[in-house]
Amino acid sequence: GVESAVPVEMYKFFQDFALDAIISIGFGDEGITAHQRDQIGYNFDKVSRATESLWWLLPWSLSLPTKGARALKKSIQELHDIGNEMCRKHQEQLAKGVDTGKATGSLLRALCEASEASEDERLSDTLVTHNVYAFMGAGNDTTSTALGHVAVMLARHRHVQERVRKEIGEIKDLTFDALMSEMPYTSAVCKETMRLFPPLWGAVGRHTTQRVRVGGASIAKGVALIGSTWNMGVNAKVWGEDCKKFNPDRFMGGGGGGGEKINNEKNNSGLSHDLTSHDGYRALAFGGGVRSCIGKHLSVMEMKAMLFFLLKNFTLDVHDGSRPNEKHWNLAIPLIKVRPGVMIGLKCIA
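The following paragraphs examine the structure supplied in this document. Keep in mind it's a predicted model, so treat the numbers as computed, not measured.

Cut-off values and rules
Residues numbered from 1 in each chain as written. Predicted model: local features only at pLDDT ≥ 70, side-chain atom pairs only at ≥ 80, totals over all residues. Heavy atoms only, no water. Pairing = 2+ DSSP bridges. Helix = DSSP H or I, 4+ residues; strand = E, 2+ residues; numbered from the N terminus. Axes fitted to C-alpha atoms, helices over the stretch in contact; angles between N-to-C directions. Contact = heavy atoms within 4.5 Å. Buried < 20%, exposed > 50% of the residue type's maximum accessible area, 1.4 Å probe, protein only. Parallel < 35°, antiparallel > 145°, perpendicular 65-115°, else oblique. Left-handed = near helix turned anticlockwise from the far one by under 90°. Nonpolar A, V, L, I, M, F, W, Y, C, P; charged D, E, K, R; others polar.

Description of the sheet that holds strand β6 (residues 314-317)
Read from one edge of the open sheet, three strands run β1-β9-β6, paired in antiparallel fashion. Two strands lie at the open edges of the sheet, namely β1 (6-8) and β6, each paired on one side alone. Pairwise comparison of adjacent strand axes, ignoring direction, gives a mean angle of 40° for this sheet. Sheet analysis places β1 next to strand β9 (residues 344-348), joined by three bridges and oriented antiparallel. Counted as the bridge partner of P7 is G345 from β9. Of the strands in this sheet, β6 and β9 are in contact with helix α11 (residues 296-313), which crosses β6 at around 90°.

If you want it as structure tokens, here you go:
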């Protein structure tokens, strides 16, 4: 093993991991060339970074004769070209009855099959491509951002890290059931991290269907409302006086969390370690209700699988930017991102 910890910018590593996983899900592992994967990764990253600025959300911004606008339009066009080419290829294979192997399970394949419906219900190639990239956009930055925050918390709280390592050491086979139903403390650590640092800090948007009163305010019908998951996560009326303290045990029956208790068979605190549970609309990292995050189960599997392999092989130590009293994050749109340059010390486990 290595005697001293090696500083690594873990957030970038998690970004590469999440993007590679989401490309495989979106386009499949077969039928896409290595060059196309690289082009998708490169251009998708450029477009994702651009959306952090409100400037590019203005409808006329891409029409400006500037270098930045031209470069962004070029990246968007290249993404569309690859998506449309893949879609045409799948449509041709479907027409011929060709079995594409692993690509059969891709989102693109599923949407192409759906587009074979009646003319009124048919999805155009452009709509198929848009849906694939929308799914990728929703699942890439959010998962990598969450993992980045989890890594910082584990580095800062070594006793928590050791408990997670002990728990994953008891898992013999990393199966689907193990990822979704086992490792409760690992889930609690991820859930507590996302309570304090939700990847999407204000993404719960709804329109009123009738006039309602919220607090002392009267809201008319048809008004767009956005709730802040970040403010909810550190609200003392909801979580108790230790609301700003990192305490995964609050999801393991260890106390913490004010307000009305929620019936839950897993612990006696009224809170669930299940990452997909919103705990009575208090834990909203994945939203809640019928419009909760469609990819939440995928995100849970990605996070727990990554932590499983990472902590089996490495210890995480505090380094520049991960020390307890240092701010490790930046507020972006619409994410709370790990600050560029924040390093975690990785040390191999002998």
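Notes on unusual backbone geometry
With a phi close to 50°, D279 is a non-glycine residue in the positive phi region. With respect to the helices and strands, the residue D279 is situated in the loop between α10 (236-239) and α11. One non-glycine residue, Y281, adopts positive backbone phi at about 65°. When you line up the elements, Y281 lands in the loop between α10 and α11. Of the residues examined, Y281 reaches a relative accessible area of 48% and is grouped as partly exposed.

Some thoughts on the packing of helix α2 (residues 34-50) against helix α3 (residues 67-96)
Two elements in contact, α2 and α3, have axes separated by 9 Å at closest approach and are oriented at 135°. Classed by the angle they form, the pair α2 and α3 counts as oblique. Our pair here, α2 against α3, has a crossing hand that is left-handed. Together, Q36, Q39, I40, N43, F44, K46, V47 and A50 of α2 and A71, L72, S75, I76, E78, L79, I82, E85 and M86 of α3 make up the contact between the two elements. Of the residues in the contact of α2 with α3, the class split is ten nonpolar, four polar and three charged.

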